[in-house]
Amino acid sequence: MQNKYSLTLVVLLFTLLFSAGCQKKQEQQQPQQKQADTTAVKDTAKKADTTTAKAAQQSQAADLKGTWRGTFDQRPTTLKITEQNGNDFKGNITINYRQVINQQVNGTFDPATKRLTMKDLLHSRFMGKYAGKVSDDMKKFSGTFTMTADGSKFNFNLAKK
Amino acid sequence: MKKYFLFIIILLTSVIFYSCGSDTSTNPEPAAQKGSIYVTSDLPGAQIWNGTTNTNKVTPDSITGLDAGNYSITLKFQGLRDTTISATVKAGEKTTLKVKLPLSVVTFGPVRIWETFGTNASQPSGLQLSTGTPYSTSVTDKVDLYFFSTSTPTYKILTGTARNTYFFVGSSANLSDTVSAPLKTSSWKQEVPVPVTGLTNYIFAYDQDQHYSKILFAIGGGNPGIPSYFDVTYIYNLVPNDRRFK
């Protein structure tokens, strides 16, 4: 009878010890998990921050408003971008041919590729589309104008003042 | 004494009367019976011929010592048809002939010349006045004037680089108004500024060969792909230094 009690006690003791051991191990594993979770969050946050910063940077750099001066078909030219909504903009362009061209334009800028396209809005024999690229520092815009009527092309080079 | 004095007076009077009578008798054809013809022409410098005889005079001038009667006067001017006119001379009178010489002009145009900026070899900027032929400005021995321009844009009518042409802006846009060119003076310029709207009035030109022209410049172009140009129409006087255009 005594042996029966002794055996029961020993088993109980072992069970307790084992149970206690497992709990400790679990407690030890939990902080590791927590640490992993925190790192992941931190990484995500960091990524998000970087993306936001980049976007902000791009958004800031993509300020196209202002006066751009240069030449169109070697003629003195002024492009004034007066309104900007995101990457879309509106303005007017003046090209000093003998018969001066005053056109309203609107266009779009793609920050990723730095490509800028715009088109004449006022109906004219000489209306057309402009396609070009803005320099990395967002100070220069050069490209080609294609006349709608006959497809003739003219180069332009503008710099922001 | 009185008798002597009277005698001398009578003697002198007789001598004077005798002298007068002698002159009249030796010159039966007094100068007053001759006549003359004064010839003038709208283009000075024409040779004056009396019949088939060259008087060696040029207009304006007179043929004097002519007997009363009818004469055939011919004016000759190099480059022009001869002009013959009949004149009647009366004794002691001067007959005046005002002769209008024929005009020798040719009208050219419209001839298109292009601005110098932004054009190519197929768009000549120069013009030879005597033939109405457009030339590139590089053909300096032909070009009397050309259409100069810059990108600004600035426009001018300029003299040829090797041939001197002078300009005077007229007061009308009507090329057929028959107005003669003023005499070329130092006030004539070798360039004419052109407003972007073009030139309204015609321009007189006096070229290297001393010919006068009356030129109308009609501006065009000045758009993308179409440089500015002038369609030039003009009257060219074939006779050097003849300023007439009627």
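All of these numbers come straight from a predicted model, not from anything done at the bench.

Caption draft 1: Molecular detail of the overall build of chain B. On a plain count of helices and strands, chain B comes out with one helix and 17 strands. Burial statistics for chain B: of 246 residues in total, 30% are counted as buried. Relative to all contacts within chain B whose residues are 6 or more apart in sequence, the contacts with residues 24 or more apart total 53%.

Caption draft 2: Region of interest: the sheet that holds strand E15 (residues 203-206) of chain B. Residue and element names in this part refer to chain B. Here we have five strands laid out as an open sheet, ordered E8-E17-E16-E15-E13, and antiparallel in their pairing. Across the chains shown, the open sheet's two edge strands, defined by having one partner strand only, are strand E8 (105-114) and strand E13 (166-169). For this sheet, the mean inter-axis angle between neighbouring strands, taken without regard to orientation, is 25°. Summarising the sheet, E15 and strand E16 (residues 212-220) pair through four bridges and their orientation is antiparallel.

Caption draft 3: The sheet that holds strand E11 (residues 145-149) of chain B, seen in detail. All names here are of chain B. One open sheet holds the five strands; their spatial order is E10-E9-E11-E12-E14, and the pairing between them is antiparallel. Looking at strand neighbours, the two that pair on one side only are strand E10 (133-135) and strand E14 (191-194), the edges of this open sheet. Strand-to-strand twist across the sheet, computed as the mean angle between neighbouring axes with direction ignored, equals 25°. Where strand E9 (residues 126-128) and E11 come together, two bridges link them in antiparallel fashion. The partner of Gly 126 across the bridge, within E11, is Tyr 146.

Caption draft 4: Unusual backbone geometry, seen in detail. Here the residue pair Thr 59 of chain B and Pro 60 of chain B is connected by a cis peptide bond, since its omega of -5° sits within 30 degrees of zero. Between Gly 109 of chain B and Pro 110 of chain B the backbone carries a cis peptide bond, its omega angle lying at 5°. Its identity as a non-glycine residue notwithstanding, Met 138 of chain A has a phi of 60°, on the positive side. As for its position among the elements, Met 138 of chain A is in the loop between strand E6 (128-134) and strand E7 (140-147). We classify Met 138 of chain A as partly exposed; it has 16 C-beta atoms within 10 Å. Here the phi dihedral of Asn 241 of chain B falls at roughly 65°; this positive angle occurs in a residue that is not glycine. Examined against the element boundaries, Asn 241 of chain B turns out to sit in the segment after strand E17 (229-237).

Caption draft 5: View of the interface of chain A and chain B. At the interface, twelve residues of chain A touch ten residues of chain B. Its residues placed into classes, the side of chain A that touches chain B shows five nonpolar, four polar and three charged.

Caption draft 6: Structural detail: the environment of Asp 150 of chain A. Residue and element names in this part refer to chain A. By the secondary structure assignment, Asp 150 is in the loop between E7 and strand E8 (153-160). Residue Asp 150 is classed as exposed on the basis of its C-beta count, with 12 C-beta atoms lying within 10 Å. Considering only alpha carbons, one finds Asp 150 and Lys 114, 36 residues apart in sequence, at a separation of 27 Å.

Caption draft 7: Spatial organisation of the environment of Leu 66 of chain B. Residues and elements named next belong to chain B. In this fold, Leu 66 is placed in strand E4 (residues 61-66). Judged by the 20 C-beta atoms lying within 10 Å of it, Leu 66 falls in the buried class. In sequence terms Leu 66 and Glu 191 are 125 residues apart; their C-alpha atoms lie 52 Å from each other. Leaving out residues up to four positions away in the same chain, Leu 66 has contacts with Lys 34, Gly 35, Ser 36, Ile 37, Tyr 71 and Val 89.

Caption draft 8: Geometry of the nonpolar core. In terms of nonpolar packing, the biggest core is built from 33 residues, with Ile 113, Ile 203, Ala 205, Ile 215 and Phe 217 of chain B touching the most fellow members. Considering every element that reaches this core, the biggest residue donor is E17 of chain B, with six residues. Apart from residues lying up to four places away in sequence, Ile 113 of chain B is in contact with Pro 124, Ser 125, Gly 126, Leu 127, Pro 134, Tyr 146, Phe 147, Tyr 229, Phe 230 and Val 232 of chain B. The next biggest cluster of nonpolar side chains, apart from the first, holds 21 residues, and it includes Ile 81, Phe 109, Phe 126 and Leu 158 of chain A.

Analysis parameters
Residues numbered from 1 in each chain as written. Chains lettered and ligands numbered in written order. Predicted model: local features only at pLDDT ≥ 70, side-chain atom pairs only at ≥ 80, totals over all residues. Helix = DSSP H or I, 4+ residues; strand = E, 2+ residues; numbered from the N terminus. Buried ≥ 20, exposed ≤ 12 C-beta atoms within 10 Å, placed from the backbone. Contact = placed C-beta atoms within 7 Å. Pairing = 2+ DSSP bridges. Axes fitted to C-alpha atoms, helices over the stretch in contact; angles between N-to-C directions. Nonpolar A, V, L, I, M, F, W, Y, C, P; charged D, E, K, R; others polar. Core = buried A, V, L, I, M, F, W, Y, C linked by C-beta atoms within 7 Å.

Fair warning: the whole summary comes from geometry, so function is off the table for now.
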